[in-house]
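These are the residues of each chain, in order.
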Amino acid sequence: MTVAVLVDPEASATRQVEWALWIAGARGEDAVLLLPPADSHAALHAKIRARIAADPDFEEKEKDKDKDKERAKEKAKAKDKVGDDAGPDGGDAPDDAGPPKRSCRIVAADPIDPSAILAAAREPNPSLFVVLAAQFDPKDERITRLGAEVLPSIACMAAVVRMGDGEAWPLRHLLAPASRGGHPRTALQFADALATAVDGKLSGAYVEPELGDDAEHAGRLVAGDVLRSALRERAAMVTRRIVVNDDVRAGLLAICDDARPDAVVLATPRLGLLDKTFFNTLPAQLVNRLGGLPVVVLREAMPIGNRAWRSCAGLIRRKVPQVEKDVRTRLTLRVYSSSAWNFDFVALLALSTAIASLGLLQNSGAVIIGAMLVAPLMTPIIGLGLALAQGNRALLKRACWTLLFGVSVAFALAFALGWIHLHCASGDFVTAEMRSRGSPRFPDLLVALVSGLAAAYAHSRKELDSFAALTGVAIAAALVPPIATAGLGLAAGELYLARGALALFATNMVTIALAASAVLLAVGIRVLQREHRWVRHIVAFLVLGLVGLVFFLLGREPPGTAIELPAIVEDRVRAGELAPGERLLGMTARNTETGIDVTVELGCTEPPPAATITARAASLRDYVDWLVEEDVERLELHYSLRAVDTSR
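Throughout what follows, the structure given in this document is the object of discussion. Per chain, the residues get numbers from 1 upward, laid out in the order the sequence is written. Reporting in this predicted model follows two pLDDT cut-offs: at least 70 for local features of residues, and 80 or more for side-chain atom pairs to be given and counted; totals over whole chains, interfaces and linings ignore these cut-offs and use all residues. Side-chain measures were taken over the full set of non-hydrogen atoms in the model, leaving aside hydrogen atoms and water.

Details of the overall build of the chain
Across its full length, the chain carries 24 helices and 15 strands. We call two residues in contact when some of their heavy atoms are within 4.5 Å. The contacts of the chain with a sequence gap of at least 6 include a subset with a gap of at least 24, amounting to 79%. Note on areas: Shrake-Rupley with a 1.4 Å probe; residue coverage comes only from the protein chains shown. In the form shown here, the chain has an accessible surface area of approximately 32500 Å², with 56% of it arising from carbon and sulfur atoms. Secondary structure elements follow DSSP: runs of H or I of four or more residues count as helices, runs of E of two or more count as strands, with numbering from the N terminus.

Section: the packing of aromatic side chains
In this scheme Phe, Tyr and Trp rings, the latter by its six-membered ring, pair at centre separations within 6.5 Å, and the angle between planes marks the pair as stacked below 30 degrees, edge-to-face above 60, and tilted otherwise. One pass over the structure, following the stated rule, counts six aromatic pairs. Between the aromatic rings of Trp22 and Trp169, the centroid separation amounts to 5.5 Å while the plane-to-plane angle is 85°, which identifies the pairing as edge-to-face. With Trp22 in helix α1 (residues 13–27) and Trp169 in the loop between β6 (157–162) and β7 (173–177), the pair connects residues that are 147 residues apart, well separated along the chain. With a centroid separation of 5.4 Å and 25° between ring planes, the pair formed by Trp401 and Phe405 is classed as stacked. Separated by four residues within a single helix, Trp401 and Phe405 lie in helix α16 (residues 393–424), roughly one turn from each other. Residue classification places Phe405 among the partly exposed residues on the basis of a relative accessible area of 36%. For a Lys NZ or an Arg CZ to count as sitting over a ring, it must be within 6 Å of the ring centre and within 35 degrees of the ring normal. For Arg398, the ring lying beneath its charged end belongs to Tyr336, and the centroid distance is 4.0 Å. Relative accessible area decides the class of each residue, using a 1.4 Å probe on protein chains only: under 20% of the type maximum gives buried, over 50% gives exposed, and in between gives partly exposed.

So, a negative patch on the surface
A cluster of acidic side chains, namely Glu10, Asp137, Asp140 and Glu141, defines a negative patch on the protein surface. One can find Glu141 in helix α6 (residues 141–150). Nonpolar side chains (Val, Leu, Ile, Met, Phe, Trp, Tyr) are joined into patches within 5 Å and like charges within 9 Å, using only residues with over 30% relative accessible area and no salt bridge. Salt bridges are counted wherever a side-chain nitrogen of Lys or Arg sits within 4 Å of a carboxyl oxygen of Asp or Glu. By the counting scheme adopted, Arg and Lys are positive, Glu and Asp are negative, and His together with the chain ends is not counted. Where a charge lies is defined by one atom per residue type, namely NZ (Lys), CZ (Arg), CG (Asp) and CD (Glu).

Notes on the side chain of Asp192
Residue position: Asp192 is located in helix α7 (residues 182–197). Here the side chain of Asp192 touches Arg234 through a polar contact of 2.9 Å, side chain to side chain. Ignoring sequence-local partners within four residues, the contact set of Asp192 consists of Leu202, Leu231 and Arg234. Counting of polar contacts relies on pairs of N or O atoms within 3.5 Å, with two restrictions inside protein: one atom must be capable of donating a hydrogen and the other of accepting it, and residues adjacent in sequence are counted only when both atoms are side-chain atoms.

Some remarks on the pairing of strand β11 (residues 295–299)
In terms of burial, β11 is a largely internal element, five of the five residues being buried. Burial along β11 is two-sided: the residues Val295, Val297 and Arg299 and Val296 and Leu298 are all buried. Pairing geometry for β6 and β11, over five bridges, is antiparallel. Bridged to Val160 within β11 is Val297. Two strands are counted as paired when DSSP detects at least two bridges linking them.

Overview of the environment of Trp19
Along the chain, the position of Trp19 falls in helix α1. Each C-alpha atom, one on Trp19 and one on Leu171, is 9.8 Å from the other, the two residues being 152 residues apart in sequence. When residues no more than four places from it in sequence are discounted, the contact partners of Trp19 are Leu132, Val161, Met163, Trp169, Leu171, Pro294 and Val296.

Regarding the sheet that holds strand β5 (residues 128–133)
Strands sit in the order β3-β4-β2-β1-β5-β6-β11-β10-β7-β8-β9 across an open sheet of 11 strands; the sheet is mixed. In this open sheet, the two edge strands, each paired with only one partner strand, are β3 (58–60) and β9 (239–244). Across the sheet, the axes of successive neighbouring strands diverge by a mean angle of 25°, strand direction being ignored. In this sheet, strand β2 (residues 30–35) lies alongside strand β1 (residues 2–6) in parallel orientation, the contact comprising five bridges. Directly across from Thr2, in β2, lies its bridge partner Asp30. Contacting β1 and β5, α6 runs over the sheet at an angle of about 160° to β5. Between the N-to-C directions of two axes lies an angle of 0 to 180 degrees, each axis being a line fitted to C-alpha atoms and, for a helix, fitted only over the stretch in contact.

Focus on empty space enclosed by the protein
In this analysis a 1.4 Å probe is tested at points of a 1 Å grid over the protein atoms alone, and where it fits but cannot get out there is a cavity; an open set with protein on both sides within 12 Å along at least five of seven lines is a pocket; lining residues have an atom within 4 Å of a point. Grid points are joined across faces, edges and corners, and a volume is the space filled by probe spheres set on the points. The full count for this structure, using the stated rule, is one cavity of 30 Å³ or more. The space that makes up the largest cavity amounts to roughly 40 Å³. A total of three residues in the lining of the largest cavity trace back to one element, the largest contributor, which is helix α9 (residues 248–259). Its residues placed into classes, the lining of the largest cavity shows nine nonpolar, no polar and no charged. Under the grouping applied here, Gly and all other residues not named as nonpolar or charged are polar, the nonpolar ones being Ala, Val, Leu, Ile, Met, Phe, Trp, Tyr, Cys and Pro and the charged ones Asp, Glu, Lys and Arg.

Looking at helix α12 (residues 325–338)
Quick reminder: α-helices carry 3.6 residues per turn. Residues three or four places apart thus point the same way. To estimate how far a helix should reach, multiply one less than its number of residues by 1.5 Å. In a regular helix each residue adds 1.5 Å, so 14 residues correspond to 20 Å; α12 covers 20 Å between its end C-alpha atoms and thus fits that length. Listed as buried for α12 are Leu331, Thr332 and Val335. Viewed along the axis of α12, the buried residues span an arc of 100°, placing them on a single side of the element. Projecting away from the buried face of α12 at angles above 90 degrees are the exposed residues Arg330 and Leu333. As for α12, its buried residues are in contact with α15 (378–390), α16, α18 (442–460) and α21 (495–522). Of all possible arcs, the one meant is that of the directions from the helix axis to the C-beta atoms.

Points about the packing of α15 against α21
It is the contact of α15 with α21, at a shortest axis distance of 8 Å, that shows an interaxial angle of 50°. On the basis of the axis angle, α15 is oblique to α21. In the packing of α15 onto α21, the handedness of the crossing is right-handed. Every residue of α21 that contacts α15 at Met378, Ile381, Ile382, Leu384, Gly385, Leu386, Leu388 and Ala389 is listed here: Met509, Ile512, Ala513, Ala516, Ser517, Leu520 and Leu521. Of the residues that constitute the contact of α15 with α21, the class distribution is 13 nonpolar, two polar and no charged. Oblique is the label for any angle not under 35 degrees, not over 145, and not in the 65 to 115 range, which are roughly parallel, roughly antiparallel and roughly perpendicular in turn. Should the near helix be turned anticlockwise from the far one by less than a right angle, the crossing is termed left-handed; should it be turned clockwise, right-handed.

Overview of the side chain of Ser352
Here Ser352 shows up in helix α13 (residues 343–362). Taking the relative accessible area as the measure of exposure, Ser352 reaches 0% and is therefore buried. Not counting residues up to four positions away in its chain, the partners in contact with Ser352 are Ala371, Val374, Ala375, Pro376 and Val480.

Things to note about the packing of α13 against α16
Where α13 contacts α16, the two axes come as close as 9 Å, and the packing angle between them is 40°. In terms of their interaxial angle, α13 and α16 are classed as oblique. Like other packed secondary-structure pairs, α13 and α16 cross with a definite hand, here right-handed. Judged by residue contacts, Phe345, Leu349, Ala350, Thr353, Ala354, Ser357 and Leu361 of α13 engage Thr402, Gly406, Val409, Ala410, Leu413, Ala414, Leu417 and His421 from α16.

Below, the structure written as structure tokens:
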């Protein structure tokens, strides 16, 4: 294993080599120094080579695989000559050369080219990647590019070293926080290895909140547990420094002032190293307050899941054209403005709901399509997806409130129109268009998914954000018609219809929001600030809701499937719905696109007139529909003309 060290061309060459060899030696690994090309930094290369040559534990080794193979063969031949080199007792002859040296290889890498740095760093497959710097300056272009483009792509453990202003060397007294968690444990182990390599000492710092008179004692107990967990038997050799303070930063600074260490080793959460948010974290704040004291900030190796996610994200960024900054800004402003709850939104929503309700009652697909074009609900749903992609709390609140009020108004208006139609008009209230939206299926979720992808992509592209592109999306992603169907169904007492329509709307809304968020991230929408937990919580809630909807849709029987009616249906029909001289022979039900078809087979001695059969079928349909709490589309009566025993 190796330690790859990126050298700062503007810092002291001698001090950087000392840091690199110290870290590699403490870990018992070879070192690889990433330097600028020799033709442009000849003096830097000369100083570093001279310092490596003076180190008794390391030797410079050029990258030559053929020579490596030859050296390996020579060593193997030397082992075979045990008899020739054996001492008087048959043992090996003493080796005057001492223990073998570890190698230190120099690799050229352009210090301002992230791709060149990554290529050079990944080649030796290091266990640790170290960035050396004179200072952590967020205004330094080299530092910011390393944090944005290099370190997030390094999968192994990473460390950045601010070498400080001190001239004393070696650094023998190190200090590391001994708080709970995996990251501080890694810092303790790293600091202990460094201190052991120079026969130095390590201090473990712990800040205990104000908990009363026993706070300091409690802090010593916790610090002892942490040290034993991280260092095992070596924990007894670590000096424990405890301070009671509610402010962790102030407490650690007080410990540093009292202990006066030569260097401090800190840890930071995964992925947060030298990026734009790093400079607002506790480690960065401590670095700024510690003056010229050398500081090492560690980040643990990325888990496999994070590596796979970052690889996919990098592939998407390379393949999907990224939007420019001004386009991102205009998109945010446009969506934020369009997601507002104002008179225009209410007017369009009321008109689209009225058109959709009338189209549903008239069973007119053309009218319903017109309502889809007028409906303004797509924009706040896209706003919800954009808010999740950006971590934009203000946009999230606005989009959620607009959706809540909009759905409530549309549902109430549809209910009112349904109640008026039920009491003022005649004819079949529940139409085929209403039944199709009251019986959602899994393909409806797929339609919503693709619609959300198309809508977000059209919004993100200036050349596609046109009426033509978004019109097709509005037609595909039906939002207002399901709400109108739910309101009409509730007005008519069709609870099964209302429940299915609301499930369809929820499916469309959740799927479109998640799909839009994914597309906006893919095209280059960046978070406005550090991702907060509330974003992950909301995304997890929406994903769980979507999973529940998937199971709900998959659990619905496909068209043509036979349905087993509850036993109570046959019992009730046999007990109170048969005419004199009739006997119930059997009932079957089958699921269809628009509802449930029920067939009732009756035995009788004399068939009733056709008008009576039609009237009885309609009556039985309503009766069975009420019993099964589902929409019975059609009920047929079949009479068997044979003598039956009506006493059974």
